[in-house]
Structure formats: structure tokens, C-alpha cells
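Given next are the chains, with one letter for each unit.
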Protein chains: 2
Amino acid sequence: MPRRYLNLTPLPDALAAMRRAFPPLDHTETVPLRLAVGRVTAEPLYAEYSVPQADIATFDGYAVKSADTLGAQDQRPLPLGDCARINTGEILPPSFDAVVMVEDTWDEDGMPWIRKSAAPWQHVRHAGEDIRAGELVLPKGHQVRPFDTGALATYGITRVKVRSVRVGIIPTGSDLVPLGVVPAPGQTVETNTLMAEAYLTRMGATCRRYGIVPDDPDLIQRALEEAVAENDLVILSAGSSAGSRDYSSDVVGALGEIIFHGIAVRPGKPVLLARVEGKPVLGMPGYPVAAQTVLREVAGDLLRWWGLSPVRGEELDVRLSRKLASDLGFDEFIPVSVGRVDGTCWATPHPRGGGIQMAVVRANGYLHVPAGREGIGAGEEVRVRLTVPPERIARTLICTGVRYPALNELGNCLSDAGYLLHCCNASTMGAVLALRAKTCHAASVCIPEIGAAWNDLVLRYLPGVDLLRVQVARTELGIASSDALDASAVASLRFVNRPKGSAARVFLDAWLEEQGIDADRLAGYEHEVRTPGAVAAAVSNGFADAGVCPAAMAREAELWFTPLGYETCDLLIREELAGDEAVARLIQAARSPEFQEHLQSLKR
Amino acid sequence: MPRRYLNLTPLPDALAAMRRAFPPLDHTETVPLRLAVGRVTAEPLYAEYSVPQADIATFDGYAVKSADTLGAQDQRPLPLGDCARINTGEILPPSFDAVVMVEDTWDEDGMPWIRKSAAPWQHVRHAGEDIRAGELVLPKGHQVRPFDTGALATYGITRVKVRSVRVGIIPTGSDLVPLGVVPAPGQTVETNTLMAEAYLTRMGATCRRYGIVPDDPDLIQRALEEAVAENDLVILSAGSSAGSRDYSSDVVGALGEIIFHGIAVRPGKPVLLARVEGKPVLGMPGYPVAAQTVLREVAGDLLRWWGLSPVRGEELDVRLSRKLASDLGFDEFIPVSVGRVDGTCWATPHPRGGGIQMAVVRANGYLHVPAGREGIGAGEEVRVRLTVPPERIARTLICTGVRYPALNELGNCLSDAGYLLHCCNASTMGAVLALRAKTCHAASVCIPEIGAAWNDLVLRYLPGVDLLRVQVARTELGIASSDALDASAVASLRFVNRPKGSAARVFLDAWLEEQGIDADRLAGYEHEVRTPGAVAAAVSNGFADAGVCPAAMAREAELWFTPLGYETCDLLIREELAGDEAVARLIQAARSPEFQEHLQSLKR
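What counts, and where the lines are drawn
- Residues numbered from 1 in each chain as written.
- Chains lettered and ligands numbered in written order.
- Predicted model: local features only at pLDDT ≥ 70, side-chain atom pairs only at ≥ 80, totals over all residues.
- Heavy atoms only, no water.
- Helix = DSSP H or I, 4+ residues; strand = E, 2+ residues; numbered from the N terminus.
- Buried < 20%, exposed > 50% of the residue type's maximum accessible area, 1.4 Å probe, protein only.
- Polar contact = N/O pair within 3.5 Å; in protein donor to acceptor, adjacent residues only side chain to side chain.
- Contact = heavy atoms within 4.5 Å.
- Expected span 1.5 Å × (residues − 1).
- Buried area = accessible area lost by both parts, 1.4 Å probe.
- Salt bridge = Lys/Arg side-chain N within 4 Å of Asp/Glu carboxyl O.
- Nonpolar A, V, L, I, M, F, W, Y, C, P; charged D, E, K, R; others polar.
- Lys, Arg positive; Asp, Glu negative; His and termini not counted.
- Arc of directions from axis to C-beta.
- Least-squares fit on C-alpha atoms with pLDDT ≥ 70 in both.
- Pairing = 2+ DSSP bridges.
- Axes fitted to C-alpha atoms, helices over the stretch in contact; angles between N-to-C directions.
- Domains from an automatic or database assignment.
- Parallel < 35°, antiparallel > 145°, perpendicular 65-115°, else oblique.
- Left-handed = near helix turned anticlockwise from the far one by under 90°.

Engineer: I'd like a description of the side chain of B:Arg296, backed by residues and values.
Structural biologist: Mapped onto the fold, B:Arg296 is located in helix H6 (residues 288-305). You can call B:Arg296 buried: its relative accessible area is 12%. At 3.3 Å, the side chain of B:Arg296 and the side chain of B:Tyr366 are in polar contact. Those residues in contact with B:Arg296 that lie beyond four places of it in its chain are A:Phe147, B:Tyr199, B:Asp301, B:Arg304, B:Phe333 and B:Tyr366.

Below is the structure:
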């Protein structure tokens, strides 16, 4: 039976319905002070006693009665008759009301003498100066900071009643294997409950992860009943979609009342919220990036509503480096890398998709495109929420273009200097245009070493710009074929091709022209694949007879190889930005002996 | 033997000397993924395998060879001969190169039919789309975020090598008692190592707290030797000053080389840095606020230098609400409360002093006045570092003036609505002026119920301003005396007085006038004390014969009491700011039945 979402609820409506259905809990727990940091106080905390508990001396010297010292002058020194030796921090005896510093006295006739009268309460720290017994230390709803613990301990508070939410997280799916097991093809490591625990614990929730439950409605129901009994909120990971093996909505619907199923959010659409035994059960999609969105925007919102503390990054207004399409009617969340180039902060989007976890790992923030917007233009101002501390942005370098392995090593060199290299995927042309628009610090381009390619692809768009050019890789390209290539028989072969502008395509076109073959008549010429690996795979699996790919890939796939030429992968940096501290570091790293040695080692 | 600091090193010089003396460590430890959040990677992490490991279907349907489907049209449907049923997520068999969605087919003659050709690799997620085996996941020096754990687990990384710094923290002081013990007068609860652990652990350090060591050079030396052997950095809490019982510099000097002793920082001056067995030993002052400054500015800086991750609040540019004095030559750190009033962010300083921990607890940030500045004027723009998330500022309400207990209850009412009430100490006059300058949301004032006091103290400075006025307390004042007050003998009594502008002073002046007594000739009239409690204490301890204080205090001190009148404590809010969401909440809370009932209960 094919199932459907009843309807897609807009995100704001879904959150409002959730808040209506589940008013704040009043659950608390009492934790020792050491474990209170980051938790939210459930009641006001009052000082157990005054600090200081009594009047104390703030200098080493003598406790005196100030009235006895009246009239002491340079011309008329007085002896301190009724006095007591006192050290800093010691209690002032009740019969005295001032302290004279030892430096302001001298001994004569076995008595200390003074030349200056003491004001009442001079050099005395009054009882209760810091706090008085019973005074408020922390109000209700305060998130305890590390240094608050010192004050609480000083005031005699050793245990703290904090807000408590118990969250049970159940992973479901017959394809799941636990962390530490290498998944067979088609299996997935169970990671969503790990992320949920890491994220929600930092909001002050107490998380409990349950074992993996296979796709079986009875087993899911049993696990759910147990978790509902033991927790305040239950999260069911995966199975909330509408596929043939998605049992969450059936199971949850049988046990309780569904509040919404499916929200107009990307990624994160297949989310389910229900009330079971009066408690919220949240069905979370299995795709990890969709799960993150639901944890952040839905589960996080519920915990905030229940009085826990947000763990959200800061917001920053930036410009969008490229046009972004977005579906009207959907709230979209898009991972971006933010960097400041020549004084302007630019956000460059990473690929979207619930399964592309690396996009989130590579990003330092995300952009929320509200449902009412249909895409955003290049250069438009947008508000991004960061996933790193804002001060890190000034130390972030954006490299747009082709992601070459050598860039990892460059990133490591920069990391030693405290800088972060963010690589944002783009074609060579996209990278050159980003460098022209100054939306990146560096462009990573791949250029065929053929004819006027460099001029056509780079100089044409960056005329008169002084460029620092560092070669980070050089790759031999050629035709991989299932049999030895016979130029006279080429017209009868089925080819697989790469997109326009790619070096592989340029080499193929040049070679065809050289051979006098009409590209339009070549079988499969229009059959473009996205990666060089897909060329080798297509030939290897028999979908095509030939295609252009790197020599190393042809060798690995045990194909015949006909060399055509080299492509160079270069890092391009505008010299004019070298005054920027971060760019100077990038240039320094690119020219560093460590990095140059690494490049040499790649060539060996 | 009195000791002295050799000299006071300026803060920037001290930090530079520290960094020179202790280059970054290369210590690492390997932790399971769950414990890696917040830690900093010590080496790059690479994917163990590709994700997905093989090409997989992204829809339920049929695996096909795209070439077989060429030519299928509405007018010319084709049967799918060579095909295989496939579900979302399942592996595409190697002989196929596309997936046709089940919705785009129908069954006829026992075979699925199509009306549309399939493009190569349609509805297929390629092997390695998310990441390829051996590709970089996280660079070196990356602070692991909660959602990074999901990606790492997905890519087969279950343990992470992270940067490690072991910090040993030794509390010294014969006056110290451990947490949980009620200190006798003159004793102090040992809290500095608790704060150090809470703060430095959050930077990714591994902390070990040692037991309390009394002020005995031999015992301190033994503890220090043990801690140096077991850690990368040792912090000696207290004893780093130059007093007669401060042994840190002697002990440390005997074991190693002192790098600096005393830095030009307030609070935090008595800090000591030495090298013992090649490792840094940091002598930290015992006063808690001074200790916090040293942990943040010195220990924190060393850990950052060693590659751990900062836990610093965000910076915010604000205006200073009142003039602030500061000593030239000292870097000063001053706790402040920041709030946005009528569109402008204002920082109001709290009292300074190494022993006033409540100032830091009450504050939501701190102001760093560099050594080159001699004070800052009211209204000047300053940069504040927050100790709360910036988004909390919009929900912060600043109440300047007299801190009355009823304000705590008001704070609790506001906390339920998600707002934070910050009370900043000021005299009634200071509070009225803050309200006039719009540097606070509310002023808390105490006015004697006598003559034209209200007009003189409030209306004169806020003419024509519509004020919401909520009485939060009412106190009976009168003369507390050691014997029954005989009006005819008053001239012979020794008085203790309160400052000008205080209600107690106004009442005393009025009474003296009524009695025909010349204030100038009254003994002790010029003897001012800061708190009403100090009046009662002075009379009770025999330093004075009489003074004005609240009835309750006189009663508690078992003194005679001659009533003079009442003072009212009022909360004043500008009605014109009621459009501000936070102020509206404040007004709502002040008028709420809960708060009004609380006020009634105080009167009962």
C-alpha cells in the first residue's frame, strides 16, 4: 500500500502546533555543582551565609578604635594604646572599628605609633560586602557559567536544582549497523542517535540511546512503549517517511494521536510529531542532514520552549556569492562557508541533499531561505547562522573551485598557523568568476596544457590582475578504452564524455579534429558524466567503449590508455589582497617549504 | 622579611614572555567519538571508505540499461526487458546504469512498460557522492562540533586523536575548607580549583584537582613536584602575592626559574609564572575575581597558544552608562551588565574588587580598559566581551538603583517569560539620572515620605515624563539608640550618620531641626557609614550612641527605637518605552497578580 503525507505543514505552523500540544514541563533534577555548568536553574538560588561572614582586615597592621586616633598628625604622633595586631583576611575584633596599615606605624617604647588618624572602618571589609545571607545569587532560568560555580560554592551552595528533560532516542532500520562495524554495501552506520545525543545533551537534556530496532512494526511498537514510559520526549530515527518500509506513522498512529506528518522543510520533510501517553514522539528522517535540521529546528525548539538553553550559533549578515534556487512554499536550510574577502563577508553555498553530510562538515554556517522566497540572487544580503564562533570568520580562507587533494595539505599548513581553509566546489569557470567578483580568497582551477586555454579561461576574465599562481597538481589525461585504440575504427566506438569546459573534453575535441572525425557523428559524444571516475567506470562496465580520464584511473580500472596531454591544477590568488593578514598567510603557506615538498612528493 | 614584586610586567609583555618560554606542545590523546565533541583534532581525519560505497537507487523502481530505453515516447511505449526491481537505497547491479521510478511504469504482459527514455545514471546516487575513501573529512586543528560526530561515524572513524593538555591545579591556604564544609569566620571555601576546572575543561584541557595544601613551604613544594611530574601545566592557587604567608614565589623560585611575578592587571596583579622542569607553573591569586581574570587572560592565552579552542564570549560595541576611573599603566577588567534601551546598547559597570564575586555573577560581560587609558567617560563607545550568548541581550532588562529584595521576585516573574532582570547598584539620585539618560529600563529609588522629597528627587529631573511607578517596599525608619532617647540630652550623644541624599539623613535632619539642635555641633554627624546595617552595628558595638536605621534592624540588634517616618522604594519605568517588547514584559510583570501578591505578603 503506497502511503502519502496527509499534507505538508509549513514550519511555523508545525512549531506552533507543537508548542500548543506540549506546554513546558516542570521536571527538575538536583545535580552537584561540578555538573551544573551549562544547565538551567529550576529555582532561584540564595546565599547560605554572608561573605565575608564578619568584618575583616584588608591589610596587615593593627586593629584600632578610630576615635582613639583622632588628632594624630605629623607634628603630633600618637601611640596606639588599645590595639591588636591583625593580618589581611583576619577578623576585626568587635571592639575595634578600623585598621592601621603596618607601613603607617613605627615602634617606640614597645608601642606602635602613628602620625595620621584612622577613619572609621578604614581598611575593613564589612561582613556581607560580597553577599548577605539569604540574598539572591542566581535567578530561576539562568544557564550556569563556569565562573558561577565559584560564587555558588563560596556562598555554600553545593547542589543545584536544574531543569531536566529526558530524551529517549530509538534508531530504526534493518539496514543499520552500530558504530564500529564496517557497513556492507547497502548498510548504513547508525549515527543519528549519536548526533542527537551530542546536540541535545549540550542543550541540557538527559539523553538515552536505545538499541537498533529493525523495520518491524511490532518491534518498533515495543521499543516505543518502553521509551515513552522512561522519557519526556521520544525521538524515532528513520521510518517517518512514506515509503513501503516506513512504519513510524502506523505504529505511532496506533498508539496515540498524530499532530503533523510531513513539514514543508528541506531537508527534513518526512518529520512526524505525535502525542503518545501525553508525551511527544518525534519521527525524524534517516538521512543525516535532514535529521540535523529536525534536531535543530524542531526538537531544539521544543526544548527551548520547555526552558532549556539554546545552543545556536550567532547570526551574521553577509552577501551570497552565487545565485541560489529555492522552492516557493518550503523553508530551506543550506550549508554555506562564510569568509571575509577584501572587507566583505560572502557566503558560498555547499551542495544540498539529505545524504551529503560532508557539505555540513565543510560549512561554517547555514542559510535559512524562508518558504516565501523563491531563490536568492548573487550578491544579495542574507542572514547566516554560524556553526563556529564568529571570531573564526576572520581566520577563514575561502578557496572556490576544483577540490584537489593537495588542498588538504595546504589546509594543514594553514591550520598550524591558526587559519582555516574552506574549499567550495565550483567548475574552473565558476572559480575564475568568483575570483573576479572577489567572493573567494583563492580559486582552484584545472586548465588543459593546450593551445590558448590559459588565456581563454583565466586571462580573459581577469585582465590586468596580478595573480599568484601555484601549481598544486598535474594530471596526465588520455583515452581509456576497453580494447587497444585503433584510430581508423574510432567512428564505430561508443564514447562517454565529460562536460563542456572540462580539460578532458578539450583534449577529446582536439584529438577528434586531429583525426578528422566529426564529433557530431561520434556515438555517445553527448553522453556526459560528472566525474572522471564515472568515465572509467562506464568503460569498465561496458556501457561505453572509450572516454577521456586520468592515466591513473585507466590504469586502476585495467583499461587501455592512449595519452593525450596534461592538465594543470593551479591555485590562483590576487596579489593585491596580500595586505590582508589571512591572504598573506595563505600565500606564505602556498610558498612554504612544507607545502612545496608535499607537492614534489606527489610528483614522485 | 617583607617581600616585594620585582616589578609589574605589562599584560602584553607578560603574555609574549609566556609564549616565548613555552612553545606549543604536541601532546595528543585518542578519544572515542562521543567524547570528541568540543575537542580539537590533532591530525587530519580521512574517510575509511566511500559513502555511498556503491551506486544506489534514489527511488523505488526498476534498474535498467539507459541505452535500452532510447526512443520510448508517449506514442511509442517500450517494454523493459532486461531490468531488475530495485528499492530506494539498494545497490544498482553493475550491468545497469539508470533507475526508472515505479510511478513511471505500468505492467502489461507480465512486463513493466515505459513511455519515456531513461537518461544515463538517472535516479542513481553514485558511489562516493558524499565522500570517497581516503578523502579528507576534518583538517588538523578543527574543534569537533556535535553534528561532525555523525559524519565521522558514517565514514568509519570511531576514535579521534585530539590535542591534549593536562592541567594540575593545587589549592593552597591554611584558611581553606573544601566544598561542602561551612566555613568558620575567617575561613574560605576552596572554590578556585573548581572554577579553573570548569573553565579550562571547556577549552579542551584535562584537569586534575589536588587536595588543599596548608601554608607550609615544604608541603607546597612536595605537592608542586608531584603535580609538575604529572601534568603539562600546573596552577598554584593563592600564595602568589607578596604577603608574609605567600610562599609560592619562594617555593617556585627554588625549584625553577621565575619568568614574571606581578603583572599590571586589575584584578589579578599577584600572578606568578615560572618554569619548573621545563613546564609552566602559574601562581594564581586567591581572590576569586582575580583568579578568574588570570584563568581567562593568562592560562586561557597559553592554552590557545598551545592549540586548544577558545571559550570566549562574543564582543559587542556599546556605550558606557557612567564614568569609569581606571589607573594608567594597568589593564583593568570590569564586570558590566549590558542592555539595549530605546535602541542603544549600554554597559553599566558593577563594583570592582577581587573579592566581589557577585559582581561577576550579576554581570553579562566585562570591559577591558587597556593600560594606556585613564578612565572612560559616560556615553563613550566601548567594546565589551559578553559572558552570555549575544541573543540574550535583547531579553535583558537593566534596573539601576537600590537593590531591594522584592526585585528578586520581579526577576523570577520575568524569568518565567524568558527575560532577565539585571540590577545595577546606584543611589536614588544615580538611578533617577540613569532613567533620565535612558541608560536603564527601570530605576529603583528610595524616597523618604516627607515634604517635597518626591518632587525634589524625581520630578525635578524627569519633568513631563510619564512614569509607571510601582511601590516595591516601604520601610519604617527611626533612631536606634543604646539607651532610651532623651531629646533634651541629644546634644551629648555620639551619632553615626548616613550619606547625603539618603532617606535616613533626610529624616535625621528634619528631626534635629524640629528639636532645635544644630547638626554641626552634633558629635559624629560627619561620621558616615555606607549601609543601614553599619549604623545598627556601630550603635550595638558602642562606637556610637545613636543613628537612623530601619525599625527591623534596630529590633534585631535589641536597640531602643524612636520612629521618625517611612521611606518608600519604588520602581520607575518610562511609559513611553512600553512599545519595547522587553519593557512591556517588565511592566506586565510589575503589574502581575503574582508580583503584587508577593508585595502584599511582604507587608503582612
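Engineer: Go over helix H4 (residues 217-230) of chain B with me, naming the residues and quoting the values.
Structural biologist: Owing to its 3.6 residues per turn, the α-helix aligns residues three or four sequence positions apart on the same side. All names here are of chain B. Its 14 residues place the ends of H4 20 Å apart at the C-alpha level, agreeing with the 20 Å of an ideal helix rising 1.5 Å per residue. Taken together, the buried residues of H4 touch strand E13 (166-171), strand E17 (233-237), helix H5 (248-255), strand E20 (272-276) and strand E21 (279-284). Near the N-terminus of H4, the side chain that reaches the backbone nitrogen of Asp218, with its oxygen 2.8 Å away, is that of Asp216.

Engineer: Any details on the interface of chain B and chain A? Residues and values, ideally.
Structural biologist: Taken together, the contact between chain B and chain A spans 94 residues of the former and 93 residues of the latter. Summed over both sides, the interface of chain B with chain A buries roughly 7800 Å², with 56% coming from carbon and sulfur. On the chain B side of the contact with chain A, B:Arg145, B:Phe147 and B:Phe543 bury the most area, a combined 10% of that side's loss. In this structure, B:Arg385 engages A:Glu391 in a salt bridge whose closest nitrogen and oxygen atoms are separated by 3.7 Å. Linking chain B with chain A are 28 residue pairs in polar contact (both at pLDDT 80 or more), by the criterion used here. Every element with two or more residues in the side of chain B that touches chain A is listed here: strand E11 (136-138), helix H2 (148-154), helix H3 (192-201), H6, helix H7 (357-362) and helix H8 (406-416) of chain B. A breakdown of the residues in the side of chain B that touches chain A according to their chemical character gives 43 nonpolar, 26 polar and 25 charged.

Engineer: Before we move on, could you go through the side chain of B:Arg304 and cite the residues and values that matter?
Structural biologist: Mapped onto the elements, B:Arg304 comes out in helix H6. Although buried, B:Arg304 forms no salt bridge, and the nearest oppositely charged side chain, B:Asp301, lies 4.1 Å from it.

Engineer: For helix H14 (residues 581-591) of chain A, give the residues involved together with the corresponding values.
Structural biologist: Residues and elements named next belong to chain A. Buried residues of H14: Ala582, Val583, Leu586, Ile587, Ala589 and Ala590, and no others. Viewed along the axis of H14, the buried residues span an arc of 165 degrees, placing them on a single side of the element. Those residues of H14 that are exposed and angled more than 90 degrees off the buried face are Glu581 and Arg591.

Engineer: Got a sec to walk through the relation of the copies chain B and chain A? Specific residues and values, please.
Structural biologist: Once turned by 180 degrees and shifted 0.0 Å along the axis, chain B lies on chain A with an RMSD of 0.2 Å. The superposition operator between the copies reduces to a two-fold rotation axis. For chain B, the smallest separation between a C-alpha atom and the rotation axis is recorded for B:Glu314, amounting to 4.4 Å.

Engineer: For the sheet that holds strand E4 (residues 61-64) of chain B, give the residues involved together with the corresponding values.
Structural biologist: Residue and element names in this part refer to chain B. One open sheet accounts for three strands, arranged E6-E4-E7; its pairing is antiparallel. Among the strands making up the open sheet, the edge pair consists of strand E6 (84-86) and strand E7 (98-101). Strand-to-strand twist across the sheet, computed as the mean angle between neighbouring axes with direction ignored, equals 40 degrees. One ladder, built from three bridges, connects E4 with E6; its direction is antiparallel. Pairing of Tyr62 across the sheet is with Arg85, part of E6.

Engineer: Pulling in residues and values, what's your account of the domain arrangement of chain A?
Structural biologist: Segmenting chain A into domains produces domain 1 (11-26 + 165-305), domain 2 (28-51 + 130-163), domain 3 (56-125) and domain 4 (315-465). Distance from the C-alpha centre of domain 2 of chain A to the C-alpha centre of domain 3 of chain A: 38 Å.

Engineer: Run through the pairing of E17(B), naming residues and quoting values.
Structural biologist: Residue and element names in this part refer to chain B. Counted residue by residue, E17 has five buried out of five residues, so it is predominantly covered. Alternating positions in E17 separate into two faces, Leu233, Ile235 and Ser237 on one and Val234 and Leu236 on the other, with burial throughout. Judged from the five bridges that link them, E13 and E17 form a sheet pairing that is parallel. The residue of E17 that forms the bridge with Pro171 is Ser237. Sheet topology note: the E17/E21 ladder contains four bridges and is parallel. Looking at the pairing, Ile235 lines up with Leu282 of E21.

Engineer: For the packing of helix H1 (residues 11-21) of chain B against H6(B), give the residues involved together with the corresponding values.
Structural biologist: All names here are of chain B. Direction vectors running N to C along H1 and H6 enclose 40 degrees, while the axes themselves pass 10 Å from each other. Comparing their axes, H6 and H1 come out oblique. For the pair H1 and H6, the crossing hand works out as right-handed. On the side of H1, the interface is formed by Leu15, Met18 and Arg19, while H6 contributes Glu297, Val298, Asp301, Leu302 and Trp305.

Engineer: Describe in detail unusual backbone geometry, supporting the description with residues and values.
Structural biologist: Residues and elements named next belong to chain A. For the bond running from Val51 to Pro52, omega is -10 degrees, close enough to zero to count as cis. Along the chain, the position of Pro52 falls in the loop between strand E2 (45-46) and strand E3 (56-57). Unlike most non-glycine residues, Lys438 shows phi in positive territory, near 55 degrees.

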